[in-house]
Amino acid sequence: MRLPRPALIATATATAAAALLLTPNGAVADPTPRPESQPASPVREGSGLSDPSDRSAAKAPEGTTDRALTTPVTELTDGTGTAGGTRGYPREQVLTPDPENPADKSIKLGLTPYHAIAPKLNALQRLGDRVSVEVAGRSAGGHRLYLVTVTAPESTRQARAQERMRELIENAPSAAAKDPSVKRTYKTPVFFNNNIHGNEWEGTDAALKLIEKLATAQDRTTTDLLARNRVYFNITANPDGRIAGTRANANGFDLNRDFVTASQPEVRAMRQIAIDKQPAVMVDLHGYVNGTLIEPTTPPHGENYEYDLFLKNTYANALGMEAAVNGLGYTPAKDGVEPAQIPFRDQEEGWDDWPPIFTPQYMPFHGTVAAHTVEFPMAVNNDEYDDLPVTELRRRSAINVAIAGAAMRASLDYTRTHRTSLIADQIEVFRRSVTGAAQVPVSPETVPGVPGIGPEDVYTTDFPRAYVIPAGTKAQRSATAAARLVDHLLANDVQVRRATKDFRLGGKAYAKGSYVVDLRQPKRGMANVMLADGRDISDKVSVMYDISGWSLGRLWGATVDTVRTSKLSVPDRPVHEATNVGYVAPRGTLRLRLGDAREIAALNSLLTDGVSVRRAADGSAIVPASARAKAVALAKKYDVAFDATKSTGTAPFHRVRVAAAVTPGELFALREMNFDVTPVSTAILNAGFDWSKADVLFASAGLNHAGLNTAARAALDAFLAREGLVGRGATGAALNAATGLLALKPVEGNGDANGVVRVVNSSGGVTSGAPDHSFVYAPLWFTDLGPGVRVEQSYAAGNPLVSGHWRALEDGSGGPAQAAGRASVVSGPHAVLFGTEPLFRDHPKGQFPQVARALLTVS
């Protein structure tokens, strides 16, 4: 059993936070995302079920979507274009300053504005030969992302030797464990990630202070630390949010929810740091929880981790950070600062490490054996930022900077004193993976020194032998999706092979060109967490912090087969990128299937260029032979196939202009499919909106019919009667009820419920040919369907939940049993309503075409 919750959580602030951690609340009507201190109600990217305000409506400019989609994933550069792993240290460069921005929200807090970071880094590099600066990429808003390395100088030869040892640890761990040079000379990588939530500022300033100290200190402890370790700092992971004072980046994305999808350039930069630097220890600096919260977490624990090694080091380092933070001498009476807390020890549930969407829960798949979220205590964002005096804000920020610094210094102390065992444990993570060894369940015997381990902490998985992503005629429908999935696996450092001949595996025949993901590889946990179905954990805990199911194998539109045979004998070769599937038939009329988001993007490009495209009986697009040159360019750009056809099609497709009251993730996904989108909200409509510039309304957040003034309501009603509505969730259902488009009764499920669900699709409509799985978050279903209402999709019979967390409410309503067999997507002449989440956070790629078809059909 867990140790009892300590008295430190007895103050008013801490008690409120504790209650939220223990009490399941519906994910209802939260116009701004909750801080990390309130995890019981899942933190979304800004949408609410029935948000009466317009603050959750997505408003990101289109250019940020373009940058997010086109920003390349490259090796870290030192400013000369030289790949990061081939030069010695220091890797100094002179950074061009950014223009001064007096509106930077950091200034009010007495913290470092973004425009002052480059000059500060230039000055730090001039202090000696320990500090190097590389540019890890650019944010969605176009700002540079700085990675600082602090270490003792290394020659090019020494740096290359370090890289060889890093690769040996990952790819030949048994050899690395026996190599005396690894034990003697390999520098342990430590990574501090700062300011991933833009309005949780202070980690950046603590990092800059620590870098300066490390750059100049001559004591033996510091020189020994830097001689035997490399310390990496992501100075600000979210410069867009730092400047604007927002949790999200310029695209409205919570970056600490994006690691499975990696839709945003900032996350792709952090992913590359994880792969290239392979940190053994990492700390992600956040705010605000009083007292300072230091992971490890409550159950459930990610079942794909080597959790015994992870818990051993993460808990031990947490104790050191706790002592350092409390040792600063802040008190509740004098400073308003409560003692630090460790969720694994001090709480029962509500702050879990189950989904790999958070930075510390993603890093273990790349060998990190001690990973933490640290939440400093004194709130200075949101209402506090607006309401408190500047002197109080700066007092609080100074405390947070000191606490963040103490946590980082304690982690360096732990690394310095446990360097050998940390690397040995990282090697063991990779050894288990490449040999197919079983995981070690946590227990008092397997993780000595960690109190309170119980059966509620044991989560392991049965790794299959491999996954196969088929190729060939039968899989042709998902060829584009398969290529995207393979490229995504490769980008996450998962090894993928491609069959050079036809083969049989697990009693099934596969064609040449099929992809094989052998799980006896260093990143088996990463491969499995992405491709497995996941698990229904509804009976394990009463509440989850965020999403609980995310299977790319079920949600990204590609066919993925699980192979459990013990032997794997396939004629194959390793691949470094998916084989292009783009194709254009050499003659005649062309057909473009519309079963993938990239195919929708290609269609919208054709329509934008004025090409006459017609709809086929199966819903695909018929493209005239005269547009072959455009099709060739689009096939290359989007990796889609234009097949030959004799069909002439029926009704023409038209370019659709979408007025969208949606979440940031939905706005991003719509633009990813090349829809012409104009964000709208209650406030925008009340200010006067020209509906002649729109062909359809997509509503899921930030639009409340009752909140419209008389003129705006009349204009909206007239538009919907003339054109149409695509609605999602309770916001869409409420708008439908207010305007009387479809006669039905919407039923809200448990607002905390989320995950991967089985569905049954109808033929010949919006969901025709769609995958038989979907994603839900606060699921909705429809009953009492009136005349003219068509069921496009239903939740499957029995328990539709495959993986995730979905319980009935205390009165027995709102659960998966009540949703089973009920309509999840419905349509009529002027409306389509979704009870699922087909565009959630730009993640369930295989569901995107359902929304596209709805928009194209309704308009």
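Residues numbered from 1 in each chain as written. Predicted model: local features only at pLDDT ≥ 70, side-chain atom pairs only at ≥ 80, totals over all residues. Heavy atoms only, no water.

What to know about the pattern of salt bridges
In total, this model carries 42 salt bridges according to the counting rule given. When the shortest N-O distance is used, the salt bridge between Lys 523 and Glu 170 registers 3.7 Å. Of the two residues, Lys 523 is situated in the loop between strand E14 (515-518) and helix H19 (524-531) and Glu 170 in helix H4 (residues 156-171); the sequence distance between them amounts to 353 residues. The residue Lys 523 makes a salt bridge to Asp 493 at a minimum N-O spacing of 2.6 Å. Here Lys 523, found in the loop between E14 and H19, pairs with Asp 493, found in the loop between helix H18 (479-491) and strand E11 (496-499); they are 30 residues apart in sequence, far enough to count as distant. Judged by its relative accessible area of 22%, Asp 493 falls in the partly exposed class. Salt bridges linked by common partners bring Glu 200, Arg 247, Asp 254, Arg 257, Asp 546 and Arg 841 together as one network. (Salt bridge = Lys/Arg side-chain N within 4 Å of Asp/Glu carboxyl O. Helix = DSSP H or I, 4+ residues; strand = E, 2+ residues; numbered from the N terminus. Buried < 20%, exposed > 50% of the residue type's maximum accessible area, 1.4 Å probe, protein only.)

Some points on the sheet that holds strand E3 (residues 188-194)
Here 7 strands make up an open sheet; going across it, the order is E1-E2-E4-E3-E5-E9-E6 and the pairing mixed. Looking along the sheet, the strands with just one partner apiece sit at the ends: strand E1 (131-138) and strand E6 (293-294). Judged from the 7 bridges that link them, strand E5 (residues 281-287) and strand E9 (residues 370-376) form a sheet pairing that is parallel. By the bridge assignment, Leu 285 is partnered in E9 with Val 374. Contacting strand E2 (144-150), E3 and strand E4 (229-234), helix H8 (residues 220-228) crosses the sheet at an angle of about 85 degrees to E4. (Pairing = 2+ DSSP bridges. Contact = heavy atoms within 4.5 Å. Axes fitted to C-alpha atoms, helices over the stretch in contact; angles between N-to-C directions.)

Digging into the packing of aromatic side chains
On inspection of all chains with the given rule, the structure shows 22 aromatic pairs. Aromatic pair Trp 691 and Phe 719: ring centres 4.4 Å apart, planes at 25 degrees, arrangement stacked. With a gap of 28 residues between them, Trp 691 in the loop between helix H24 (682-686) and strand E24 (696-699) and Phe 719 in helix H25 (residues 710-722) connect regions that are remote in the sequence. Overall, the relative accessible area of 0% leaves Phe 719 in the buried class. Three or more aromatic residues joined by ring pairs make a cluster, and in this case those are Tyr 305, Tyr 307, Phe 310 and Phe 365. The ring of Tyr 89 is capped by Arg 91, whose NZ or CZ atom sits 4.0 Å from the centre of that ring. Positioned above the aromatic ring of Tyr 385, the side-chain terminus of Lys 108 is 4.5 Å from the ring centre. (Phe/Tyr/Trp six-rings, centres within 6.5 Å; stacked < 30°, edge-to-face > 60°. Lys NZ or Arg CZ within 6 Å of the ring centre and 35° of its normal.)

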